[in-house]
Amino acid sequence: MIKKTGFYLLVMLVLLYCSGPLLWQIATSLKPDYELTVIPPVITENPTTVHYISVFKERPFLRIILNSAVVASCTTVLSLIIGSLSAFALAKMRIRYKVFILGFVLSVSMFPPIATVSPLYIIIRELGLRDTWLALIITYTTFSLPLSIWILTNFFKEIPDEIYYAARIDGCSPFQIFYKIMLPLSIPGIFTTAILVFIFSWNEFLFALTFTSTTSSRTIPVAIALFPGVHEVPWGEIAAASVVVTIPLIVLVFAFQKRIVEGLTSGAVKG
Amino acid sequence: MAEIKFENVIKRFRDVSIIEDLTIVINDGEFFTFVGPSGCGKSTILNIIAGLEPVTDGKIYFDDTLVNDLSPRDRDVAMVFQSYALYPHMSVYENIAFPLRMKKVQQKTIDEEVKRIASLLGLGDMLQRKPKELSGGQRQRVALGRALIRKPEVFLMDEPLSNLDARLRIEMRAELKKLHHELKITTVYVTHDQAEAMSLSERIAVIYQGRIQQCGTPLEVYTKPANIFVGGFIGSPPMNFIKGTVKSLEPLQIDCNGITLSTIIFSRPPLLKGDEGGLIIGIRPEDIVVSERKPEGKVKVFISLVEPAGSFNWVDVIWNDIEMKCTARAGSDLREGKEAFVDFPEDKVIVFDEKSGKRLFPD
Ligand SMILES: Nc1ncnc2c1ncn2[C@@H]1O[C@H](COP(=O)(O)OP(=O)(O)OP(=O)(O)O)[C@@H](O)[C@H]1O
Ligand SMILES: [Mg+2]
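All figures in this text were calculated on a predicted structure; none of them were measured in a lab.

Engineer: When you look at the coordination of the magnesium ion (ligand 2) in this model, what are you seeing that I'm missing?
Structural biologist: Each donor-metal-donor angle in an ideal tetrahedron of four donors is 109.5 degrees, and each such angle in an ideal octahedron of six donors is either 90 or 180 degrees. Residues and elements named next belong to chain B. For the magnesium ion (ligand 2), the full set of protein donor atoms is Ser 43 (OG) and Gln 82 (OE1), at a range of 1.9 to 2.2 Å. Of the two residues, Ser 43 sits in helix H1 (residues 42-50) while Gln 82 sits in the loop between strand E6 (77-80) and helix H3 (92-102), which places them 39 residues apart along the sequence. The class for Gln 82 is partly exposed, based on a relative accessible area of 32%.

Printed below as a string of structure tokens:
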């Protein structure tokens, strides 16, 4: 009994710790202006929606969300397509020096973004892609690919070789094996990767700040960071905007979480 | 339908040699079985035929076509995997139908074929289930069905009946035999079950240490094992081996644990050179009968174990310090620890050279 209570207490503690910042933001976003800077902070008794309204009324926030949505979705799709095809080859096909290829791929993701941002900026500028969605999509895809390839390779490796062999015997071309057998069997991996890549692209700040300059391609984190004016920091609006853009992520994770069930390959082979 | 020809095929995994110099022809329409101890490379041979494993060296032909570089789907083989390898996300129906779908066969034909195969294998009422909802034996039958629905050049079957109960196994064995008679498709089979190998195969190859130890009809392999290994491997329970020595050359007499085997039975005594030293005398348990009364037997033994096998008993005896497995009538009154008598059938012995392990008699 005590053990159980202790366990739940611990769970509550961890949950509170993790969701603390979000709860704080929600609380802040609902406060009227005069309560924002009160110390110690209070939970407001007169919740208001003015900040939410002003985020959308006085700023091009819908356009910003669209930018982010397009960039993150395109990155996710691109990263999944390229990533899963590479992962399939690396996991199942007879390729020499697989380990080195995989290691090399992974090492790409180890460069700190700050080290690559200036050369990338020059490239983007020369290509005439500054302040476009494409600039971000391309950059994010390259940065998320190693992770995608790595996760998906491990998921594909989990699928017994015999299933791959059986499909070859039954007359599948490699591409048919890929989409008829491998993809359906690694749906959890696909969704896991999709969520991670999407969140990465949704939240990325440094490249977005460097490559964008106007509303036409600016993404959410940059836009929010640019909310503060010369004389004042609109804490309420920042909080409201943060809450709004967090919601899609939460919905996404909860929606896909159901799909991330293990044991899809059970029953395939003996034992 | 095709003849499969191996020419000096060598297979190594990294530096471990699995198959050393395999040269063999599996005839068009033949039912050919590979047997051998676990890990001797049987599955590897099937994978090589299927094109799933490349060979390290050597050539493989289907009829006159060199297939070394042909992909599995161009070889047109159907395979039952030792581990089944079903598609877990597809129903039993879709698993069995899959090879036909890949060939773009019409839905109507697919439906008929799947139903036919399913009823043949007793899977009729579980077509809509997923593999994970099946028992091991049912999964194995789905794996079999997925192969049998095709009419390929070659069937490859890796222990396709290993997980079925005794009755079903014998039923399926009969079905496979019938099917093979009907279709006459070259079939390469792997099994651990001696009886299965004997009853199905036209020829058997015994593999050990990367080589074919013997290749022949089931009867040949059983009655004339090429060497001590084959003698001990084929037949269950295994053959008894007793050390023997050449007592005299003219006339030829062999001493076998105290009894003398007469010369009359050996048609070609020159094979037995006295100076070559030891011989190994092999005799199958089913050829030695133990009884409790003296007049029937010649050799006195002590009984150490009696194992009833239904219509008869297996009996372990001790004969001058060596152990031997024999048979006895089911009704006989044999008890552990008592003495009994065996009739040692001289004409049934198989004589091997101790040093080379090769069979000397019968030739
Ligand atoms: N991919 C591989 N890499 C390295 N060694 C392998 C590989 N596949 C098989 N082997 C080795 O090759 C040998 C033969 O394996 P194989 O599966 O052909 O045996 P088998 O005769 O089918 O055995 P069983 O009767 O147990 O199924 C084994 O010793 C195994 O360890
Ligand atoms: Mg095997």
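Engineer: Could you clarify how one ought to interpret the sheet that holds strand E9 (residues 203-208) of chain B in this entry?
Structural biologist: By definition, the strands of a sheet pair up through backbone hydrogen bonds, in either a parallel or an antiparallel sense. All names here are of chain B. Taken in spatial order, the six strands make up an open sheet running E6-E7-E8-E3-E9-E10, and their pairing is mixed. With partners counted over all chains shown, the strands left at the sheet margins are E6 and strand E10 (211-216), one partner each. Within the sheet, the average angular offset between the axes of one strand and its neighbour, ignoring direction, is 15 degrees. Here strand E3 (residues 31-35) runs beside strand E8 (residues 186-190); their pairing, made up of four bridges, is parallel. When the bridges of E8 are listed, Phe 31 appears paired with Thr 187. Across the sheet, H1 lies against E3, E6, strand E7 (154-158), E8 and E9, angled at about 155 degrees from E7, the strand it touches most.

Engineer: How should I be thinking about the sheet that holds strand E11 (residues 240-248) of chain B in this particular structure?
Structural biologist: Residues and elements named next belong to chain B. If you trace the six strands from one edge of the open sheet to the other, you get E13-E12-E11-E14-E20-E21, paired in antiparallel fashion. The sheet is open, and its two edges are formed by strand E13 (259-261) and strand E21 (359-361), each paired on a single side. Averaged over all adjacent pairs, the angle separating strand axes in this sheet is 40 degrees, with direction ignored. Bridging between E11 and strand E14 (residues 279-283) involves five bridges; their strand directions are antiparallel. Its bridge partner being in E14, Phe 241 is matched across the sheet by Gly 282.

Engineer: Where do I start with the site of ligand 1 in this structure?
Structural biologist: Residue and element names in this part refer to chain B. In the vicinity of ligand 1, the contacting residues are Phe 13, Ile 18, Ser 38, Gly 39, Cys 40, Gly 41, Lys 42, Ser 43, Thr 44, Gln 82, Glu 159 and His 192. A distance of 2.5 Å separates an oxygen atom of ligand 1 from a polar atom in the side chain of Ser 38. Contact between ligand 1 and Lys 42: an oxygen atom at 2.7 Å from a side-chain N or O atom of the residue. Protein chains bury 61% of the 630 Å² of accessible surface belonging to ligand 1 in isolation. The greatest single-element share of the shell around ligand 1, amounting to three residues, is contributed by H1. Partitioning the shell around ligand 1 into residue classes produces three nonpolar, seven polar and two charged.

Engineer: Would you mind showing me how to read helix H12 (residues 235-257) of chain A here?
Structural biologist: Owing to its 3.6 residues per turn, the α-helix brings residues three or four apart onto one side. All names here are of chain A. Taking 1.5 Å per residue as the helical rise, H12 with its 23 residues ought to reach 33 Å, and the 32 Å between its terminal C-alpha atoms agrees with that figure. Among all positions in H12, only Gly 236, Glu 237, Ile 238, Ala 239, Ala 240, Ala 241, Ser 242, Val 243, Val 244, Val 245 and Leu 249 are buried. Of the surrounding secondary structure, the elements contacted by the buried residues of H12 are helix H1 (2-29), helix H2 (50-57), helix H3 (61-92), helix H9 (187-203) and helix H11 (220-225).

Engineer: So what exactly am I meant to see when it comes to a nonpolar patch on the surface here?
Structural biologist: Residue and element names in this part refer to chain A. Taken together, Val 77, Leu 78, Ile 81, Ile 82, Leu 85, Phe 175 and Tyr 179 make up a surface patch of nonpolar side chains, about 610 Å² in accessible area. Where the nonpolar patch is concerned, the elements lending two or more residues are H3 and helix H8 (174-185). Looking at which element gives the most residues to the nonpolar patch, the answer is H3, with five residues. Along the chain, Leu 85 falls in helix H3. For Leu 85, a relative accessible area of 36% translates into the label partly exposed.

Reading guide: rules and limits
Residues numbered from 1 in each chain as written. Chains lettered and ligands numbered in written order. Predicted model: local features only at pLDDT ≥ 70, side-chain atom pairs only at ≥ 80, totals over all residues. Heavy atoms only, no water. Donors = N, O, S within 2.8 Å, 3.2 Å for Na, K, Ca; no water. Helix = DSSP H or I, 4+ residues; strand = E, 2+ residues; numbered from the N terminus. Buried < 20%, exposed > 50% of the residue type's maximum accessible area, 1.4 Å probe, protein only. Pairing = 2+ DSSP bridges. Axes fitted to C-alpha atoms, helices over the stretch in contact; angles between N-to-C directions. Contact = heavy atoms within 4.5 Å. Near = heavy atom within 4 Å. Polar contact = N/O pair within 3.5 Å; in protein donor to acceptor, adjacent residues only side chain to side chain. Areas by Shrake-Rupley, 256 points an atom, 1.4 Å probe, with all protein chains shown as cover. Nonpolar A, V, L, I, M, F, W, Y, C, P; charged D, E, K, R; others polar. Expected span 1.5 Å × (residues − 1). Patch = residues over 30% accessible without salt bridge, like charges linked within 9 Å, V, L, I, M, F, W, Y side chains within 5 Å. Salt bridge = Lys/Arg side-chain N within 4 Å of Asp/Glu carboxyl O.

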